[in-house]
Amino acid sequence: MPGSWKRSIAAIRFLKSHGLRVAIANVLMTANMHDHQGVQALARELGVRYNLDPTITPKMDGNTSSLSLRIPGNELNSVFHNEALIGNVKEFCLPPSPASADDLEDHPCSAGHSSCYVSPYGDVFPCVQFPLPSGNVRRQKFLDIWRNSRQLEEVRSIRLKDLPVCSTCSHAAACTRCPGLAYMEGNMRGPSSADCEKSFQRTGIPSANMVRQKRLVPPPTLVQIQPLSV
């Protein structure tokens, strides 16, 4: 949008002047993956933290056109082995450690536990990237949805040990698996192919899902969001 750059920089400086901690999140994609040095320099100039994330997700309506912006596997590998971007490469790219008994009892994600997403139409979802309709604040009080939603109860009941494929994966303890992306691929208890790819490019070790599928990047078949609003 015209003027959005100036407003963003002004907002960062305003927040900094009031003592708030600010971070610039740099979503790396095909259009900007060679521009990270400039973004890092801007973060240093503004005195804010720089965060890197190569995750590109489908749209909430199931449209996958945005996935064409994902960095190719060989480029992602270069990103994960670039000290300027991730710091200690040796530590970041270490082979995964086996999941402990405590790891297997962990919740796979904070979605629906400590956060949720409410759409402009009042629909409640576990996360902005987890299109499981769980209630509507135009029909119920938010507190009733948060406490009693059958869908949120199901999400909260899942532990790492309940994931048939991921619980057996060598990456289980350190994977950034997104249950919302897994849900959009057809099963909230299944793998997220994008996170399988990130784990593989980071460590060079295929995920359990890649081995099972006998391919490096399983093609996702995404489900479409089903809003509750009328």
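Rules and cut-offs
Residues numbered from 1 in each chain as written. Predicted model: local features only at pLDDT ≥ 70, side-chain atom pairs only at ≥ 80, totals over all residues. Heavy atoms only, no water. 1 Å grid on protein atoms, 1.4 Å probe; cavity = no way out; pocket = protein on both sides within 12 Å on 5 of 7 lines; lining within 4 Å. Points joined across faces, edges and corners; volume = space filled by probe spheres on them. Nonpolar A, V, L, I, M, F, W, Y, C, P; charged D, E, K, R; others polar. Axes fitted to C-alpha atoms, helices over the stretch in contact; angles between N-to-C directions. Helix = DSSP H or I, 4+ residues; strand = E, 2+ residues; numbered from the N terminus. Parallel < 35°, antiparallel > 145°, perpendicular 65-115°, else oblique. Contact = heavy atoms within 4.5 Å.

Participant: Explanation requested: empty space enclosed by the protein in the structure shown.
Facilitator: Here the idea is plain: a probe the size of a water molecule rolls over the atoms and shows the empty space left. Enumeration according to the criterion identifies two cavities of 30 Å³ or more in this entry. The volume enclosed by the largest cavity comes to roughly 90 Å³. Taken together, the residues that form the lining of the largest cavity break down as eight nonpolar, one polar and one charged.

Participant: Explain the packing of helix 1 (residues 4–17) against helix 2 (residues 36–46) here, please?
Facilitator: Relative placement of two packed helices is described by the angle separating their axes and the distance separating the axes. Contact geometry for helix 1 and helix 2: axes closest at 11 Å, N-to-C directions at 40°. With respect to helix 2, the axis of helix 1 lies oblique. In contact with Trp5, Ile9, Ile12, Arg13 and Lys16 of helix 1, helix 2 contributes Leu42, Glu45 and Leu46. Of the residues contributing to the contact of helix 1 with helix 2, the split by class is five nonpolar, no polar and three charged.

Participant: Can you walk me through the layout of surface pockets in this structure?
Facilitator: Size it by volume and the largest pocket reaches roughly 260 Å³. Leu160, Ala172, Ala173, Cys175 and Arg177 are the residues nearest the centre of the largest pocket, which is lined by 21 residues in total. Of all the secondary-structure elements, those providing two or more residues to the lining of the largest pocket are helix 10 (193–203) and helix 11 (208–213). The element that contributes the greatest number of residues to the lining of the largest pocket is helix 10, accounting for three residues. Partitioned by chemical class, the residues of the lining of the largest pocket number twelve nonpolar, five polar and four charged.

Functional significance is not addressed by these values, which are geometric in nature.
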